[in-house]
Amino acid sequence: MRADLDIIQDWIPAGSRVLDLGCGNGELLAWLRDNKQVFGYGLEIDPDNIAECVDKGVNVIEQDLDKGLGNFADGSFDVVVMTQALQAVHFPDRILKEMLRVGKTCVITFPNFGHWRCRWYLATKGRMPVSDFLPYTWYNTPNIHFCTFEDFERLCLEQQATILERLAVDRDHRHGWASKILPNLLGEIGIYRVSGHSAMNRTS
Amino acid sequence: MSTAFPQDSVGLVTPQVLHFAEPLSLASGRTLANYDLIYETYGELNAARSNAVLICHALSGHHHAAGYHSAEDRKPGWWDSCIGPGKAIDTNRFFVVSLNNLGGCNGSTGPSSINPETGKPFGADFPVMTVECWVHSQARLADALGIEQWAAVVGGSLGGMQAMQWTISYPERVRHCVAIASAPKLSAQNIAFNEVARQAILTDPEFHGGHFQEQGVIPKRGLMLARMVGHITYLSDDAMGEKFGRGLKSEKLNYDFHSVEFQVESYLRYQGEEFSGRFDANTYLLMTKALDYFDPAAANDGDLAKTLAKAQADFCVISFTTDWRFSPQRSREIVDALTSARKNLCYLEIDAPQGHDAFLMPIPRYLQAFSSYMNRITL
């Protein structure tokens, strides 16, 4: 399984109800179904990914995240997952708000634009960072809303969301001492577990 | 002789007729004392009887869904693109049953059949059918064929409504429901189009209150107009633009009202003409009513999720982007109800220019997804 998914699955309780936003080829949902008795739905717009989900027997719904989650009721899922899609949606703030509304907890992963390599690239070359990990140029990138860990945590604060867990990892999803000391500088990918204000009220 | 047919065709098929002597109670409160159902089957029923798939037809459909009735047939059955060896509904795996619904005009008992009580054609006296009535009659057919549970019930448009109704009326008898280009109920606009079609038929002087057969005539004009209106709703603006544009049939404009000038006029007239020669006007009225009345959620104060909660099937819902008769939004209503009811499902919105008719077309992404879904059904 994809390394980030392997970390995430640990945060998803057995037997829970999961909504996976941008579920890709359905790898996570299939694994959770087979190993943790998780019942889930994946939302996806890429036809090839959807086809793979159908092949795997994963519950997939063709739905554009930019149109919101209005069709899902408040607190209707135990966990709402969104991996590597926050930076690709048109309204990251709205989707986060929607996730917090629909899920009792949310798991979000995204690349950190505050990583030292990005900063170094921009500082020395004066151009938008391009790397093996994020190989796109500014005009053709699907990643239209980059943020840093710092930015994301501020957005969570604004939306009165509680950060339950945070893991900063490198591109190989290792979480060594470096990314623990200075995550916003040394972490390449952020994996967050957050919970919404209303969800906290409900459970308390 | 079968070598004359394409490799992926079910080949030569022969319709069969079953007579049912047990009276069928209908939603209208009336009863059909006895009736015939005409059907075709493709593939072999396995020993466990676990591989049966029911095909439900749409408004003008019938039992002849795949294959050929004779070597001379120019066209195969209406859903041959999806039924056959190696196709989405793979006849190497599945035993496929396709029937003509009650009230139809292709061999099952309907308005043009002889009413045993009077010795004359039923005509307007044939009872109005609902989707639910059809499903009950289809269950009788399943019983007769020794099929306790369908591996899948599949249909497009009005056929998709029957597939959904199956999961509500007989939850334990359906493992998978495939509803394509369908809707959980008609909108006011849908009903409005049906009403125009009905008025075209009802006001045709040759209709004779539905007893035109006894007069030896058919309300050809009305039926033709009904089909023309219907046909417009089956195609998208783009599809019509692509096919006809403002192309002219005549050399130049004639500045009169009787000439067929635009290509699209000629096409619609041809469609209407052809249809009016093969379809029964009373059946058309009946089919549109069945569509209008379909609203399974009404029994639960409009709560579709609650209605579908009792379903035991997994669902595959497919819509097409340019379908404005039953738009993707209508399929999403079904999907939302299914997610609320926590059903297994997959939903695809296929980008296709053909409009409502897309469900009959060999669109690669559609066929691939349909095949994938059907292939993972365990037998």
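Residues numbered from 1 in each chain as written. Chains lettered and ligands numbered in written order. Predicted model: local features only at pLDDT ≥ 70, side-chain atom pairs only at ≥ 80, totals over all residues. Heavy atoms only, no water.

K.L.:
Can you tell me about the overall build of chain A, naming the residues and giving the values?
P.N.:
When helices and strands are tallied, chain A shows nine helices and seven strands. Of all 204 residues assigned to chain A, the portion counted as buried reaches 51%. Entry remark: accessible area of chain A is about 9800 Å², with carbon and sulfur atoms responsible for 53%. Taking the average place of the 21 positive charges on the side chains of chain A and the average place of its 27 negative ones, the gap between the two points comes to 5 Å. (Helix = DSSP H or I, 4+ residues; strand = E, 2+ residues; numbered from the N terminus. Buried < 20%, exposed > 50% of the residue type's maximum accessible area, 1.4 Å probe, protein only. Areas by Shrake-Rupley, 256 points an atom, 1.4 Å probe, with all protein chains shown as cover. Lys, Arg positive; Asp, Glu negative; His and termini not counted. Charge placed at Lys NZ, Arg CZ, Asp CG, Glu CD.)

K.L.:
Please set out the packing of helix H3 (residues 188–202) of chain B against helix H8 (residues 281–293) of chain B residue by residue, giving values where relevant.
P.N.:
All names here are of chain B. The geometry of H3 relative to H8 is characterised by a closest axis approach of 10 Å and an angle of 160° between their N-to-C directions. Taken together, the axis directions place H3 and H8 in an arrangement best described as roughly antiparallel. H8 is crossed by H3, and the crossing has left-handed handedness. For the pair H3 and H8, contact is made by Ile191, Asn194, Ala197, Arg198, Ile201 and Leu202 and by Ala281, Tyr284, Leu285, Thr288, Lys289, Leu291 and Asp292, respectively. Looking at side-chain class alone, the contact of H3 with H8 contains eight nonpolar, two polar and three charged residues. (Axes fitted to C-alpha atoms, helices over the stretch in contact; angles between N-to-C directions. Parallel < 35°, antiparallel > 145°, perpendicular 65-115°, else oblique. Left-handed = near helix turned anticlockwise from the far one by under 90°. Contact = heavy atoms within 4.5 Å. Nonpolar A, V, L, I, M, F, W, Y, C, P; charged D, E, K, R; others polar.)

K.L.:
Break down the UniProt feature "site: Important for acyl-CoA specificity" (unreviewed entry) in chain B for me, with residues and values.
P.N.:
Residues and elements named next belong to chain B. As annotated by UniProt and renumbered to match this structure, "site: Important for acyl-CoA specificity" (unreviewed entry) occupies Arg325. Its place among the elements puts Arg325 in the loop between strand S11 (314–320) and helix H10 (328–340). Assessed through its relative accessible area of 11%, Arg325 is described here as buried. Beyond its immediate chain neighbours, meaning those up to four positions away, Arg325 contacts Leu59, Asn190, Asn194, Gly230, Thr233, Tyr234, Leu291 and His356. (UniProt positions renumbered as here; feature names shortened; annotations may be inferred.)

K.L.:
Describe the domain arrangement of chain B, with residues and values.
P.N.:
When the parts of a complex come together, some accessible area is lost, and that lost area is often used as the size of the interface. All names here are of chain B. Per the domain assignment, the segments making up chain B are domain 1 (16–185 + 296–375) and domain 2 (190–288). Centre-to-centre separation of domain 1 and domain 2, based on C-alpha positions: 26 Å. Listed as interface residues are 30 residues of domain 1 and, on the opposing side, 26 residues of domain 2. Taken as a group, Leu59, Trp324 and Arg325 account for 29% of the area that domain 1 buries against domain 2, more than any other trio of residues on that side. Taken together, the connections running from domain 1 to domain 2 amount to zero salt bridges. Where domain 1 packs against domain 2, one counts nine residue pairs in polar contact (both at pLDDT 80 or more). Looking at the side of domain 1 that touches domain 2, its residues break down into 15 nonpolar, 10 polar and five charged. (Domains from an automatic or database assignment. Buried area = accessible area lost by both parts, 1.4 Å probe. Salt bridge = Lys/Arg side-chain N within 4 Å of Asp/Glu carboxyl O. Polar contact = N/O pair within 3.5 Å; in protein donor to acceptor, adjacent residues only side chain to side chain.)

K.L.:
With reference to specific residues and values, describe the UniProt feature "domain: AB hydrolase-1" (unreviewed entry) in chain B.
P.N.:
Summarizing the sequence annotation, UniProt attributes the feature "domain: AB hydrolase-1" (unreviewed entry) to residues 51–359 of chain B in the numbering used throughout. Helix makes up 37% of residues 51–359 of chain B and strand 12%, whereas the separation of the span's terminal C-alpha atoms amounts to 23 Å.

K.L.:
Account for the interface of chain B and chain A, naming residues and giving values.
P.N.:
Between chain B and chain A, the contact holds 18 residues from the first and 16 residues from the second. Regarding the contact of chain B and chain A, the summed buried area is about 1500 Å², with carbon and sulfur atoms giving 51% of it. Counting across the interface, chain B meets chain A through one salt bridge. Across the pair Arg365(B) and Glu62(A) runs a salt bridge, and its minimum N-O distance is 2.7 Å. On the surface where chain B and chain A come into contact, there are 11 residue pairs in polar contact (both at pLDDT 80 or more). Among the secondary structure elements, those contributing two or more residues to the side of chain B that touches chain A are H10, strand S12 (345–350) and helix H11 (364–375) of chain B. Of the residues that constitute the side of chain B that touches chain A, the class distribution is eight nonpolar, four polar and six charged.

K.L.:
Pulling in residues and values, what's your account of the side chain of Thr91(B)?
P.N.:
Residue and element names in this part refer to chain B. Its location among the elements puts Thr91 in the loop between strand S7 (89–90) and strand S8 (95–99). Note on Thr91: relative accessible area 11%, which makes it buried. Leave out the neighbours within four places in its chain, and Thr91 touches Val10, Tyr42, Gly43, Ile83, Gly84, Pro85 and Val96.

K.L.:
Run through the nonpolar core, naming residues and quoting values.
P.N.:
As a rule of thumb, soluble globular proteins bury nonpolar side chains together. All names here are of chain B. Grouped together as the largest cluster of nonpolar side chains are 166 residues, with contacts concentrated most on Trp79, Ile89, Phe320, Tyr366, Phe370 and Met374. Setting aside residues up to four positions removed in sequence, Phe370 forms contacts with Trp79, Cys82, Ala88, Ile89, Val154, Val178 and Ile180. Within the second largest apolar cluster, seven residues are counted, among which are Met224, Leu235, Tyr267 and Leu268. (Core = buried A, V, L, I, M, F, W, Y, C linked by side-chain atoms within 4.5 Å.)

K.L.:
Account for the state of the cysteines, with residues named and values stated.
P.N.:
Residue and element names in this part refer to chain B. By the definition in use, this model includes zero disulfides over all chains. Not engaged in a disulfide, the cysteine Cys177 finds its nearest cysteine sulfur in Cys56; these two sulfurs lie 8.8 Å apart. Here Cys316 stays free of any disulfide, with the sulfur of Cys346 as its closest cysteine sulfur at 3.8 Å. Judged by its relative accessible area of 1%, Cys316 falls in the buried class. (Disulfide = S-S within 2.5 Å.)

K.L.:
Go over the pairing of strand S4 (residues 35–42) of chain B with me, naming the residues and quoting the values.
P.N.:
Residue and element names in this part refer to chain B. Counting buried positions along S4 yields six of eight residues, so the element is predominantly enclosed. Inspection of the sheet shows strand S1 (residues 16–20) paired to S4 by five bridges, in the antiparallel sense. Note on S4: the bridge partner recorded for Val17 is Ile38. The sheet contact formed by S4 and S8 spans four bridges and is antiparallel. (Pairing = 2+ DSSP bridges.)

K.L.:
Go over the confidence of the model for chain A, please, and point to the residues and values.
P.N.:
The pLDDT averaged across chain A works out to 90; a share of 96% of its residues lies at or above 70. Note that pLDDT drops below 50 for residues 199–204 of chain A; the model gives that stretch six contacts with residues more than four away or on any other chain. (pLDDT = per-residue confidence, 0-100.)

K.L.:
Give a description of the pairing of S8(B) that names residues and reports values.
P.N.:
Residue and element names in this part refer to chain B. Of all five residues in S8, five are buried; the element is thus mostly enclosed. Here four bridges tie strand S5 (residues 52–56) to S8, and the two strands are oriented parallel to one another. Counted as the bridge partner of Ile55 is Ser98 from S8.

K.L.:
Describe unusual backbone geometry, and please don't skip the residues or the numbers.
P.N.:
Of note in this structure, Gln160(A) is not a glycine but carries a positive phi near 55°. Mapping Gln160(A) onto the fold places it in the loop between helix H6 (149–158) and strand S6 (162–169). For Ala181(B), which is not glycine, the phi torsion reads 45° and is therefore positive. Its location among the elements puts Ala181(B) in the loop between strand S10 (176–180) and H3.

K.L.:
Which residues make up H10(B), and what values do they have?
P.N.:
Residue and element names in this part refer to chain B. Spanning 13 residues, H10 covers 18 Å between terminal C-alpha atoms, matching the ideal 18 Å at 1.5 Å per step. Of the positions making up H10, those classed as buried are Pro328, Arg330, Ser331, Ile334, Val335, Ala337, Leu338 and Thr339. Backbone geometry just downstream of H10 places Arg342 in the positive-phi region, at approximately 55°. (Expected span 1.5 Å × (residues − 1).)

K.L.:
Lay out the pattern of salt bridges in plain terms, naming residues and giving numbers.
P.N.:
Scanning all chains against the criterion turns up 18 salt bridges over all chains. Glu52(A) is the partner of Lys56(A) in a salt bridge, and the nearest nitrogen-oxygen pair spans 3.8 Å. In this pair, Lys56(A) and Glu52(A) both sit in helix H3 (residues 47–56), four residues apart, roughly one turn of the helix. On the accessibility criterion, Glu52(A) (35% relative accessible area) is partly exposed. Across the pair Glu274(B) and Arg278(B) runs a salt bridge whose closest N-O atoms are separated by 2.9 Å. Here the residue Glu274(B) and the residue Arg278(B) both occupy positions in helix H7 (residues 263–278), the gap between them amounting to four residues, near one helical turn. A relative accessible area of 38% places Arg278(B) in the partly exposed class.

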